[in-house]
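# Descriptive analysis of the structure
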Amino acid sequence: MHKLIYGGILIGMFAIASAHAQTQAIEPLSMKYNAQTFDVPPVRSKTNCPVKLVSVVDARMNKDTLGTNFANPLLSGDAGPWATAGLQNLKAFGFPVEMITAANPQAGSITIVPRITRAYTWQVGMKLFGTVAVKVDYFFPSGARESKTFRANGDKTNMWGADDEFMVTLNYAFNNLLSKVAADLEKRCGMVS
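It should be emphasised that the depicted structure is a prediction, and the values quoted were computed from it without experimental measurement.

Rules behind the numbers
Residues numbered from 1 in each chain as written. Predicted model: local features only at pLDDT ≥ 70, side-chain atom pairs only at ≥ 80, totals over all residues. Heavy atoms only, no water. Phe/Tyr/Trp six-rings, centres within 6.5 Å; stacked < 30°, edge-to-face > 60°. Buried < 20%, exposed > 50% of the residue type's maximum accessible area, 1.4 Å probe, protein only. Helix = DSSP H or I, 4+ residues; strand = E, 2+ residues; numbered from the N terminus. Polar contact = N/O pair within 3.5 Å; in protein donor to acceptor, adjacent residues only side chain to side chain. Salt bridge = Lys/Arg side-chain N within 4 Å of Asp/Glu carboxyl O.

To continue, consider the packing of aromatic side chains. All told, the structure shown has five aromatic pairs when counted by the stated rule. When the ring of Trp 122 is compared with that of Phe 129, the centres are 5.5 Å apart and the planes differ by 20 degrees; the resulting orientation is stacked. Residue Trp 122 is classed as partly exposed on the basis of its relative accessible area of 32%. Relative accessible area serves as the criterion here: at 23%, Phe 129 is assigned to the partly exposed category. These aromatic residues form a ring-pair network of at least three members: Tyr 33, Trp 82 and Phe 174.

Counting through the fold element by element, Tyr 33 comes out in the loop between helix H1 (2-23) and strand E1 (51-54). For Tyr 33 and Ala 85, which are 52 residues apart along the polypeptide, the C-alpha to C-alpha distance reads 6.2 Å. Separated by 2.3 Å, the side chains of Tyr 33 and Asn 175 make a polar contact.

With that settled, consider the pattern of salt bridges. Scanning the model with the defined rule gives nine salt bridges in all. One salt bridge in this structure joins Arg 115 and Asp 137, with 2.9 Å as the shortest N-O distance. Of this pair, Arg 115 sits in strand E6 (residues 110-124) while Asp 137 sits in strand E7 (residues 127-139), and the two are 22 residues apart along the sequence. Residue classification places Asp 137 among the buried residues on the basis of a relative accessible area of 4%. With its nearest N and O atoms 2.9 Å apart, the salt bridge here joins Lys 127 to Asp 155.

Laid out in structure tokens, this is it:
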């Protein structure tokens, strides 16, 4: 009897949520970067060098959505500004970061030309997951050029069922990715003359 009542309550709640979702316009997620959403706090690198950063290009195959919630797509729009704000946080790892408009390598710095290729989120039970992938082209003062793709995941418990919680998982993923970029940059600083 209790299972029947409990099941009926859940079905009723889902029906109400579905009806409510269908009557409201779907709003895009707030694509705001949050530097405070991390699994491990940033650690300043032992070796650092100036970084010139070109704004991130959104090169995702699907630029419209980041996944779905219970009933609707999670609309995103351009993820470039969000990813650019994230890469500017390389400062937290000790790298002096300056925005530039073109890949123009300068003495004493590494120029980064990034493209975000993946950003999506999904739910399994009470857990929300996010994945981010960024391809980085490095330009060195010597004229050398190298490319590397970074990928990371993030997750959190779904506390309120709010769409913004999906964005939190993407910020976790991006900050996990950022620590990989910082570790890679630390090795490459030796190529700067």
